[in-house]
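Structural characterization, general
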Amino acid sequence: MGSCKILVVEDDTPVRNLITITLKAHNYQFITAVDGKNAIMETASHNPDIILLDLGLPDIDGVDVIKQVRSWSNVPIIVISARNEDVDKIDALDAGADDYLTKPFSVDELLARLRVTQRRLALIQPSAASQSSYDNGGLHIDYDTGCAYLSGEELHLTALEYKLLCLLARNTGKVLTHRFIIQNVWGSNWESGLGTLRVLMASLRKKLEETAGAPQYIQTHIGIGYRMLKIEQ
């Protein structure tokens, strides 16, 4: 099934190598982290589709990593841990993990868990290519015509504002980091583009949000990025 980006968080080198070799053999993209601090940083910087997380990390307990990531991201988290007591599984799942795989594990079982998670993602987030329009509260985007509307009135957006709006819309509910947005909107160095992104975001919000200073659609995650909120009808 492949074709998604996976963050592997594992401090045990042989286990990490086994996982990454398996992912590479099945055409998955992957990045790695060897401790909790870097796991959180890589999640914010690279926006992975799935996280494979060991609980016994050298700096931060894996359950605490789950809690921190869950405070701003809904990325699926599959725990891979030697802890096999029910209480450990319950703690991880209650913290926000989506699945729990106990060490030692078979490669086939790991791949099966990944396929299941990908199928869930496909159901929740159908590909943008299959959508001709987007609706969220009073916001409507017609991808075919390249126009956006708010409460039936057309939004007069610049090309960059429209591109930014579509990027957020196609990832509704998901925090997009500054780096990810800049690379996808401009394709330029993210540090030099941060000020430009803030100006563009302020301009887009002025046209999109009904009340200044009271975000309805776009939520700021200070120091991380932005998220398009799902408006409940």
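Keep in mind it's a predicted model, so treat the numbers as computed, not measured. Note that residues are indexed from 1 along each chain, following the sequence as it is written. Local features in this predicted model are restricted to residues of pLDDT 70 or higher, and side-chain atom pairs are both shown and tallied only at a pLDDT of 80 or more, whereas totals for entire chains, interfaces and linings draw on every residue. To obtain the side-chain values, all non-hydrogen atoms of the structure were used and water was disregarded.

**Describing the packing of helix α2 (residues 36-46) against helix α3 (residues 62-70)**
Lines are fitted to the C-alpha atoms to define the axes, a helix being fitted only along its stretch in contact, and any angle between axes, read from their N-to-C directions, falls within 0 to 180 degrees. By definition, any uninterrupted DSSP run of H or I lasting at least four residues is a helix, any uninterrupted run of E lasting at least two residues is a strand, and each is numbered from the N terminus. Two elements in contact, α2 and α3, have axes whose closest approach is 10 Å; the angle formed by their N-to-C orientations is 25 degrees. Taken together, α2 and α3 sit at an angle that is classed as roughly parallel. Crossing handedness for the pair α2 and α3: right-handed. Where α2 abuts α3, its residues Gly36, Ala39, Ile40 and Thr43 lie against Val65, Gln68 and Val69. Three categories are distinguished: nonpolar for Ala, Val, Leu, Ile, Met, Phe, Trp, Tyr, Cys and Pro, charged for Asp, Glu, Lys and Arg, and polar for the others, with Gly belonging to the last. Tallied by class, residues from the contact of α2 with α3 come to four nonpolar, three polar and no charged. Should an angle fall under 35 degrees it is taken as roughly parallel, and over 145 as roughly antiparallel, whereas 65 to 115 is taken as roughly perpendicular and any remaining angle as oblique. Crossing handedness is read from the near helix: turned anticlockwise from the far helix by less than a right angle, it gives a left-handed crossing, and turned clockwise, a right-handed one. Contacts between residues were defined by any pair of non-hydrogen atoms, one from each residue, lying within 4.5 Å.

**Thoughts on the confidence of the model for the protein chain**
Confidence of the predictor in every single residue is expressed as pLDDT, which spans 0 to 100. For the protein chain, the average pLDDT comes to 86, and 91% of its residues sit at 70 or higher. Taken element by element, the predicted model of the protein chain shows its lowest mean pLDDT in helix α8 (residues 190-208) (82) and its highest in strand β3 (residues 50-53) (96).

**Structural notes on the packing of aromatic side chains**
Note on aromatic pairs: the rings of Phe, Tyr and Trp (six-membered ring only in Trp) are paired at centre separations within 6.5 Å, and the planes decide the class, stacked below 30 degrees, edge-to-face beyond 60, tilted for the rest. Per the stated rule, a full pass over the model turns up zero aromatic pairs. Note on criteria: charge over ring means Lys NZ or Arg CZ within 6 Å of the ring centre, with the direction from the centre no more than 35 degrees off the ring normal. Its guanidinium or amino end placed over the ring of tyrosine 143, arginine 170 lies 4.1 Å from that ring's centre, counting from NZ or CZ.

**A few points about the sheet that holds β3**
Sheets are built from strands that pair by backbone hydrogen bonding, the pairs being arranged parallel or antiparallel. Taken in spatial order, the five strands line up as β2-β1-β3-β4-β5 in an open sheet, and their pairing is parallel. Strands at the two margins of the open sheet, each flanked by one partner only, are β2 (29-33) and β5 (99-102). Geometrically, the sheet is characterised by an average inter-axis angle of 20 degrees between neighbouring strands, direction not taken into account. Judged from the four bridges that link them, strand β1 (residues 5-9) and β3 form a sheet pairing that is parallel. The residue of β3 that forms the bridge with valine 8 is leucine 52. Its contacts with the sheet put helix α4 (residues 86-95) on β4 (77-81) and β5, and the angle it makes with β5 is roughly 150 degrees. Any two strands between which DSSP finds at least two bridges are classified as paired.

**Some remarks on the pattern of salt bridges**
What counts as a salt bridge is simple: a side-chain nitrogen of Lys or Arg found within 4 Å of a carboxyl oxygen of Asp or Glu. Counted according to the given criterion, the structure contains eight salt bridges. In this structure, the salt-bridge partner of lysine 103 is glutamate 10, at a minimum N-O distance of 2.8 Å. Of this pair, lysine 103 sits in the loop between β5 and α5 (107-124) while glutamate 10 sits in the loop between β1 and α1 (13-25), placing them 93 residues apart in sequence. Like lysine 103, the residue glutamate 10 is buried in the burial classification. Buried means the residue's accessible area, taken with a 1.4 Å probe over protein chains only, is under 20% of the maximum for its type, while exposed means over 50%, and partly exposed covers the values in between.

**Some remarks on the packing of α3 against α4**
Where α3 meets α4, the closest approach of the two axes is 8 Å, and the angle between their N-to-C directions is 15 degrees. By the criterion of interaxial angle, the relationship of α3 to α4 is roughly parallel. The hand of the α3/α4 crossing is right-handed. Contacts from Val63, Ile66, Lys67 and Arg70 of α3 reach α4 at Asp91, Ala92 and Ala95. Class assignment of the residues belonging to the contact of α3 with α4 gives a composition of four nonpolar, no polar and three charged.

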